Amino acid sequence: MPRRAVPRIVANWKMRGSTAAIDALVDMDRRAVTLPVALAICPPATLIAAARARLAAIAIGAQDVHGAPDGPFTGAISAGLAAEAGATFTIIGHVESRARTHPTPADLAAQIRTALSAGLDVLLCVGDVADLLACLPADTAFRRLSIAYEPPWAIGGADAAPIATISAMHDALRTALATLWGDAADDVPILYGGAVDAGGAAAILAAPQVDGVLIGRASLPAATFAALVDAATVSAAPLPLTELPA
Ligand SMILES: O=C(COP(=O)(O)O)[C@@H](O)CO
């Protein structure tokens, strides 16, 4: 399948960040419209509204949402609450969230459906093909779904997975999606996440079948993120310059 025109760079801040960290992205937000990549951040839930208020071109996502639309779930946030705060998408199934909440595949499927129903796009994190197939239905090709291949052994580690491993796994995930959903699988972006940094982002994004990257540590502070975005966009085709927003 052809490479997507605009690779996605998604920053997962995890339990880090501040309003100051959002303010530090304002320059990047102004540049974002000229970049040949799509930028997004997933700050902690308490910062979603502030991010939405300060940033225009950078998309804002939640890090996780509950599988129920509402209810007695102290400490959790619903997809509707995340959307109301300004998120347009949510991560689901990140390995660090799974370690806290131990979702079953059925729980993850419920999270996906509830998020989509609330109007959020979904970025589903999986560690392998079996993980992917366990929580997607065969009868419904979800629109507004992206996948992130996140090998648990690479998250928080020194090195990203080897490019050959990333390519092979992205191929396998694409094939599994095509077996499930036919041609509709072509519309599902597949990102890579795990120890992506400025030194490795361009090579990962250049690999076949890689439609973007999901970044943890290297997404903060803003200067580190900017270095990564610059490195990632060096080999991408430049877009025509447009006037920067005031
Ligand atoms: O969890 C992720 C990896 O974190 P790193 O700090 O980049 O290893 C990442 O995929 C974002 O979710």
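Structural data are supplied above this passage.
Residues numbered from 1 in each chain as written. Predicted model: local features only at pLDDT ≥ 70, side-chain atom pairs only at ≥ 80, totals over all residues. Heavy atoms only, no water.

Caption draft 1: Fine view of the pairing of strand β2 (residues 38–42). Across the five residues of β2, four count as buried, placing the element largely inside the fold. In this sheet, β2 lies alongside strand β1 (residues 8–12) in parallel orientation, the contact comprising five bridges. Each bridged residue has a counterpart across the sheet, and for A11 the counterpart in β2 is I41. Relative to strand β3 (residues 59–62), β2 is paired through two bridges, and the arrangement is parallel. Paired with I41 across the two strands is I60, which belongs to β3. (Buried < 20%, exposed > 50% of the residue type's maximum accessible area, 1.4 Å probe, protein only. Helix = DSSP H or I, 4+ residues; strand = E, 2+ residues; numbered from the N terminus. Pairing = 2+ DSSP bridges.)

Caption draft 2: Quick peek at the site of the ligand. Neighbouring the ligand are 13 residues; K14, H94, E150, G156 and R217 lie closest to it. Within the side chain of H94, a nitrogen or oxygen atom sits 2.7 Å from an oxygen atom of the ligand. One of the side-chain N or O atoms of R217 is found 2.7 Å from an oxygen atom in the ligand. When the free accessible area of the ligand is taken as 330 Å², the share hidden by the protein chains comes to 99%. Tallied by class, the residues present in the shell around the ligand amount to four nonpolar, six polar and three charged. (Near = heavy atom within 4 Å. Polar contact = N/O pair within 3.5 Å; in protein donor to acceptor, adjacent residues only side chain to side chain. Areas by Shrake-Rupley, 256 points an atom, 1.4 Å probe, with all protein chains shown as cover. Nonpolar A, V, L, I, M, F, W, Y, C, P; charged D, E, K, R; others polar.)

Caption draft 3: View of the pairing of β3. Handedness of the β-α-β unit built from β2, helix α3 (residues 48–54) and β3 comes out right-handed. As paired strands, β3 and strand β4 (residues 89–92) are joined by two bridges and run parallel to one another. Looking across to β4, one finds that A62 is bridged to T90. Each parallel crossover has a hand, and for β3 linked through helix α4 (residues 79–85) to β4 it is right-handed. (Right-handed = clockwise from strand over helix to strand, strands pointing away.)

Caption draft 4: Geometry of the pattern of salt bridges. Under the defined criterion, the tally for this structure stands at seven salt bridges. Measuring nitrogen to oxygen at the nearest pair gives 3.1 Å for the salt bridge that ties D211 to R174. Of this pair, D211 sits in the loop between α9 (201–206) and β8 (212–215) while R174 sits in helix α8 (residues 163–181), placing them 37 residues apart in sequence. You'll find D211 and R174 in the same group, each marked buried. (Salt bridge = Lys/Arg side-chain N within 4 Å of Asp/Glu carboxyl O.)

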